[in-house]
Amino acid sequence: METTIVLGGGLAGLSAGYALTKAGKRVLVFEADSSVGGLSRTIVSGDFRFDLGGHRFFTKNKKIETFVKDLMKDELLSVSRKSKIYLRENYFDYPLKPLNSISGLGLSVTTKIILDYGKEKLTALINKPNCISLEDWVISNFGKTMFNLYFKEYSEKVWGIDCRMISQDWVAKRIQGLSLGAAIKNAFFKFSGKKIPTLADRFLYPCLGIGRISERLKEEITKNNPVHTETTVRRLIHKDFKIVSMEAKNCDRTYTVDGERFISSIPLSSLVKILHPEPPSDVLHSASSLNYRDLVIVAVMVNRQRVTDQTWIYIPEAKIPFGRLHEPKNWSPYMAPEDKTLLVIEFFCFKNDSVWSLKDNELTDLTVRHLDALGLIKKEEVFDSLVIRVPKAYPLFEVGYDMHVKNIISYLDGFKNLHIIGRGGLFRYYNMDHAIESGIEAASL
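A brief report on the enclosed structure follows. Nothing here was measured: the structure is a model prediction, and the numbers come from that model.

1. Focus on the overall build of the protein
Inference 1: Regarding its fold elements, the protein presents 15 helices and 20 strands.
Inference 2: In summary, the protein has a C-alpha radius of gyration of 23 Å against a globular reference of 22 Å for 445 residues, a match within 12%.
Inference 3: Along the first, second and third principal axes, the C-alpha set of the protein runs to 70 × 60 × 45 Å.
Inference 4: Intrachain contacts of the protein at a sequence separation of at least 6 include 72% that bridge at least 24 residues.
Inference 5: Here the protein displays about 20,100 Å² of accessible surface, and carbon together with sulfur accounts for 52% of that area.
Inference 6: Taken together, the 61 basic and 52 acidic charged side chains of the protein have centroids lying 4 Å from each other.

2. Details of the packing of aromatic side chains
Inference 1: A complete count under the given rule lists 23 aromatic pairs for this structure.
Inference 2: Aromatic side chains W312 and Y314 sit 6.4 Å apart centroid to centroid with 40 degrees between the ring planes, which places their arrangement in the tilted category. For the pair formed by W312 and Y314, the shared burial category is buried.
Inference 3: Connected via pairs of aromatic rings, a cluster forms that spans W137, F142, Y150, F151, Y154, F203, Y205, W312, Y314 and W331.
Inference 4: One Lys or Arg, R253, reaches over the ring of Y255 and ends 4.2 Å from the middle of that ring.
Inference 5: The positively charged end of R293 is found above the aromatic ring belonging to F350, 4.2 Å away from the centroid.

3. Quick look at the sheet that holds strand β14 (residues 275-276)
Inference 1: The sheet built from 4 strands is open, its strands ordered β12-β11-β10-β14 with mixed pairing. Looking at strand neighbours, the two that pair on one side only are β12 (253-258) and β14, the edges of this open sheet.
Inference 2: With 6 bridges connecting them, strand β11 (residues 243-250) and β12 associate as antiparallel partners. The residue bridging M246 from the neighbouring strand is V257, located in β12.

4. Notes on unusual backbone geometry
As a rule of thumb, non-glycine residues mostly have phi less than zero, and peptide bonds are mostly trans rather than cis.
Inference 1: At the junction of H276 and P277, the peptide bond is cis and its omega measures out at 5 degrees in the coordinates.
Inference 2: Examined against the element boundaries, P277 turns out to sit in the loop between β14 and α11 (281-289).
Inference 3: Phi angles above zero are rare outside glycine, and F241 is one such case at about 55 degrees.
Inference 4: Checked against the element boundaries, F241 lands in the loop between β10 (231-238) and β11.
Inference 5: Given a relative accessible area of 36%, F241 falls into the partly exposed group.

5. Here's the deal with the pairing of strand β1 (residues 3-7)
Inference 1: Judged by how many residues are buried, β1 sits mostly within the fold: 5 of 5 residues are covered.
Inference 2: Going residue by residue along β1, you find T3, I5 and L7 tucked away on one face and T4 and V6 tucked away on the opposite face as well.
Inference 3: For β1 and strand β2 (residues 26-30), the ladder comprises 5 bridges, and the chain directions are parallel. Bridge assignment links I5 to a residue of β2, and that residue is L28.
Inference 4: Viewed along the sheet, the connection from β1 through helix α1 (residues 11-22) into β2 turns out right-handed.

6. Overview of the environment of F92
Inference 1: Among the secondary structure elements, F92 is positioned in strand β7 (residues 90-94).
Inference 2: What makes F92 buried here is its relative accessible area of 5%.
Inference 3: Each C-alpha atom, one on F92 and one on Q168, is 25 Å from the other, the two residues being 76 residues apart in sequence.

7. Observations concerning the side chain of T145
Inference 1: With respect to the secondary-structure elements, T145 resides in helix α6 (residues 144-159).
Inference 2: Here the side chain of T145 touches D116 through a polar contact of 2.4 Å, side chain to side chain.
Inference 3: Among residues more than four places away in sequence, those in contact with T145 are K112, I113 and D116.

8. Quick notes on the packing of helix α2 (residues 62-72) against helix α9 (residues 211-221)
Inference 1: Interaxial distance between α2 and α9 falls to 10 Å at its minimum, and their mutual angle equals 75 degrees. The orientation of α2 with respect to α9, classified from their angle, is roughly perpendicular. Contact residues: α2 offers F67, V68, L71 and M72, while α9 offers R212, I213, R216, L217 and E220.
Inference 2: By residue class, the composition of the contact of α2 with α9 is 6 nonpolar, no polar and 3 charged.

9. Here's the deal with the environment of S357
Inference 1: Residue position: S357 is located in the loop between β18 (341-349) and α12 (360-373).
Inference 2: Within the structure, S357 has its side chain in polar contact with the backbone oxygen of N352 (distance 3.2 Å).
Inference 3: A polar contact is formed between the side chain of S357 and the backbone oxygen of D353, at a distance of 2.9 Å.

Reading the values: the criteria
- Residues numbered from 1 in each chain as written.
- Predicted model: local features only at pLDDT ≥ 70, side-chain atom pairs only at ≥ 80, totals over all residues.
- Heavy atoms only, no water.
- Helix = DSSP H or I, 4+ residues; strand = E, 2+ residues; numbered from the N terminus.
- Rg over C-alpha atoms; globule rule 2.2 N^0.38 Å.
- Contact = heavy atoms within 4.5 Å.
- Areas by Shrake-Rupley, 256 points an atom, 1.4 Å probe, with all protein chains shown as cover.
- Lys, Arg positive; Asp, Glu negative; His and termini not counted.
- Charge placed at Lys NZ, Arg CZ, Asp CG, Glu CD.
- Phe/Tyr/Trp six-rings, centres within 6.5 Å; stacked < 30°, edge-to-face > 60°.
- Buried < 20%, exposed > 50% of the residue type's maximum accessible area, 1.4 Å probe, protein only.
- Lys NZ or Arg CZ within 6 Å of the ring centre and 35° of its normal.
- Pairing = 2+ DSSP bridges.
- Right-handed = clockwise from strand over helix to strand, strands pointing away.
- Polar contact = N/O pair within 3.5 Å; in protein donor to acceptor, adjacent residues only side chain to side chain.
- Axes fitted to C-alpha atoms, helices over the stretch in contact; angles between N-to-C directions.
- Parallel < 35°, antiparallel > 145°, perpendicular 65-115°, else oblique.
- Nonpolar A, V, L, I, M, F, W, Y, C, P; charged D, E, K, R; others polar.

And the structure:
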């Protein structure tokens, strides 16, 4: 029987493995981590559970929604989204609510935001804006006041580079269809904002954490096929643009696996570097030119039943080192004991920078100090913590990245039996539903 080898046990890779297994095919899945799910996994620490940043499932694709509902059965909850932005020592509702926004920013700033927005729209009627960077796109869609007020600091905190160096591709896809006009319409008139993912007010969530989706996929795959964790793919051996085998390493054991088809969801730059013989120099250069943003998660366990009623709280201000936090019990009551809770804080960083290099206890102290200053908790309420470092969490969409991606994909398209899927594999900003869809589609080819 033909063997398909899947590289990477995140949502995309597991969805491909699941679809192949259901079709009666022989498939081998390889994951370098000790557990599956990639960034969409749930960490268990005693009686506490938390995701790596909090991942909601929302899709407009009915087939993917049905796929996940059939897979998860009665494990899914329908959760109401409540989010705030902490800005200028005030909490603003997100999506926007007019009275809250005006009272927090003041009438003069609110008026300036709306006038700036109108100015950009009128200018666009005469000269279509040439949007290259995130700064270009946001000013064109929201106006300069809103850009300086919120988007600039938050985007630079998340990505670690100047907004003029961040490609407009990312923000255009991430908040596709959203402009200040749409946000204001949603705030005043509750128009069909539910069709815009970033304004959706409800989402689906497994009661034991988002990682249960990956775990369920693995459970179904392993009824007939193996999923190898803690196994690193060292080489993909090819001849005449056909992958013939791969070299894998598990603990101290290195071995070769033959396969007829290969599906890769591992980071695109990593895939290029394990091809043997190695690709042309220009492809290797493109792979080296693609960068990733890393992530540090600090979870603090709190001796309180509940801290907030929020799904997410966004922190754009540069003086506060973390960018976002969430309280898992607001997603599902099963994420912590009834009389305890936890907060999960995200530090966006680069591997080996000042944040990444801090010791766990230093990161916890830094986090708790700022949470205390924000008025969320008291230091003495924290009784435990856990720090998780996630390398290559997000593709970094720098201006010009697309030319490097096209060069790599053009070369890889020449392989007769290799398919690329997923966020890291395709170097695209994929939500969960897109990752799942890409895996299912690759399995059907």
